[in-house]
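# Fold and contact review
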Amino acid sequence: MTLEEKKAQWDAIQWPNTVTELHVHLGGSVPLYRLWEIALDRGIRGMGQGYEEFVQLIRREDSKVTDLDSYLEIYDRIELIQSGPDALRQSVIIAIHRAFLTGGMVHLGPGGEGAEGTPLFSIGNLELRFNPLKRTGAVFLKGEHAGLYDVDRVIRAACGAVEDVELGFRQRINTGILICFGRDMTHEANMILAKKVDKWIEREKKIIGIDLAGSESTNPLSDSTRLKEMKEVYDVAGKYLGRTVHVGETRHVDIETFINTIEALNPHRVAHPITACRAYWENNDDRGLKLLQERSLVCELCVKSNLLTGAVASVEEYGKVINTFDDFEIPYTFSTDAPSLQVTSLASELLLLFLHGAITTEQISRALKIAEQSTFLHSLE
Ligand SMILES: [Zn+2]
């Protein structure tokens, strides 16, 4: 198919008015120019000589990112900018507005500003995830949990912001919050957060799920004691919530650890389970893929993020991931992970796959439907 024919096919796609995006981190979701303004307003240090340098520092692109660890490196700073109830509230409002406004735009300005009059669609259901303990001002003290701000106030600020945005939008966008635990946090810190979640879900219906995020090299959960500890965290916090987990993005998580993690944490969905494909392609080991299939685990795929971290080598290889999942009848969805840091949108990532022949229009609409069906927002109803 020629590029012109592909473009014509893309233009003929009947997009729904609203779509569901399942995997977006709050830290990567405030457009850079807005993040800079919050940092400036709060007097946060270490932001460079001005906006241009800040963008250079924060933006996640090929020249700076070689793996997951270098991808995650600037999150400490962003978490500091977003720390405390006021900045958190502002960040949540901006993040939801950003999704609605620019999620369906193919082109964005350099700081993540919307650059089109009419987007292809709006994000109508959004799952926004973040780690409240890392918004207490203790971010440079990894492992510590005594920050400047009160974690209860941070959680309450996030839920209040979600409710206010929904009122402002007259429910045209629904948002749920996922609380992320940290691979890089101590068990003690994760348990403190788990108990907070267990307490808050009684009154805050906007908390809909839990997740585990952070560096796989720091804590791959290959150690059975660490895995048992994380299971305890999930058991305390995730009884009544949707459960997802980042696992298998890097080679630090081998196929045994991947399987053990899923069996222990018992998630409903899995983020970036690329290890399962790698084991199959490289060693003909299909146990990971079969596990995803048997449990009907919905896979949250984030294209540009996976390419930046090297989890997937090329757009062409992304096509192979998608087709492998189809061969094993494993459901998958697409999200942007950190749209503002990567200056990207859901529409532009789908277009990237499509123009490279890595996805068909049928696979796109199926993935959008699966996202709608598998969102944890439904448990709110
Ligand atoms: Zn993620």
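In this text, all values refer to a predicted model and were calculated from it rather than measured experimentally.

## Describing the overall build of the protein
Counting its secondary structure elements, the protein contains 16 helices and eight strands. Computed over the C-alpha atoms, the radius of gyration of the protein is 19 Å, within 12% of the 21 Å expected from 2.2 N^0.38 for a compact globule of 381 residues. Considering only C-alpha atoms, the protein reaches an extent of 55 × 50 × 45 Å along its principal axes. For the protein, the residues scored as buried account for 52% of the 381 residues in total. Put simply, of all contacts in the protein between residues at least 6 apart along the chain, 78% involve residues at least 24 apart.

## Some thoughts on the environment of Gly104
Checked against the element boundaries, Gly104 lands in the loop between α6 (85-102) and β2 (122-130). Using a count of 24 C-beta atoms within 10 Å as the deciding quantity, one classes Gly104 as buried. Here Gly104 is in contact with Pro119, Leu120, Phe121, Ser122, Leu346 and Ala347, once residues within four sequence places are set aside.

## With respect to the pairing of β2
The side chains of a regular strand alternate, first on one face of the sheet and then on the other. Of all nine residues in β2, nine are buried, a share of seventy percent or more. Across six bridges, the pairing between β2 and strand β3 (residues 174-182) is parallel. Looking at the pairing, Phe130 lines up with Ile179 of β3.

## A few points about the nonpolar core
Looking at soluble globular proteins, one finds that nonpolar side chains tend to be buried together. In this structure, Val92, Leu128, Ala158 and Cys299 are the most contacted members of the largest nonpolar core, which totals 112 residues. It is helix α7 (residues 151-168) that provides the largest number of residues to this core, a total of eight residues.

## A closer look at the environment of Glu116
Of note, Glu116 is situated in the loop between α6 and β2. Since 15 C-beta atoms lie within 10 Å of it, Glu116 is described here as partly exposed. Along the backbone, Glu116 and His268 are 152 residues apart, and their C-alpha atoms lie at a distance of 36 Å.

## A few points about α6
In this model α6 runs 25 Å from its N-terminal to its C-terminal C-alpha over 18 residues, within 8% of the 26 Å that 1.5 Å per residue would give. Ala87, Leu88, Arg89, Gln90, Ser91, Val92, Ile94, Ala95, Ile96, Arg98, Ala99 and Thr102 are the residues of α6 that are buried.

## So, unusual backbone geometry
Positive phi values are uncommon outside glycine, yet Asn266 reaches one of about 50 degrees. In this structure, Asn266 sits in the loop between α10 (255-265) and β6 (269-271). Asn266 gets classed as partly exposed once you count the C-beta atoms within 10 Å, which come to 14.

Scoring rules and cut-offs
- Residues numbered from 1 in each chain as written.
- Predicted model: local features only at pLDDT ≥ 70, side-chain atom pairs only at ≥ 80, totals over all residues.
- Helix = DSSP H or I, 4+ residues; strand = E, 2+ residues; numbered from the N terminus.
- Rg over C-alpha atoms; globule rule 2.2 N^0.38 Å.
- Buried ≥ 20, exposed ≤ 12 C-beta atoms within 10 Å, placed from the backbone.
- Contact = placed C-beta atoms within 7 Å.
- Pairing = 2+ DSSP bridges.
- Core = buried A, V, L, I, M, F, W, Y, C linked by C-beta atoms within 7 Å.
- Expected span 1.5 Å × (residues − 1).

None of this, on its own, says anything about what the molecule does.
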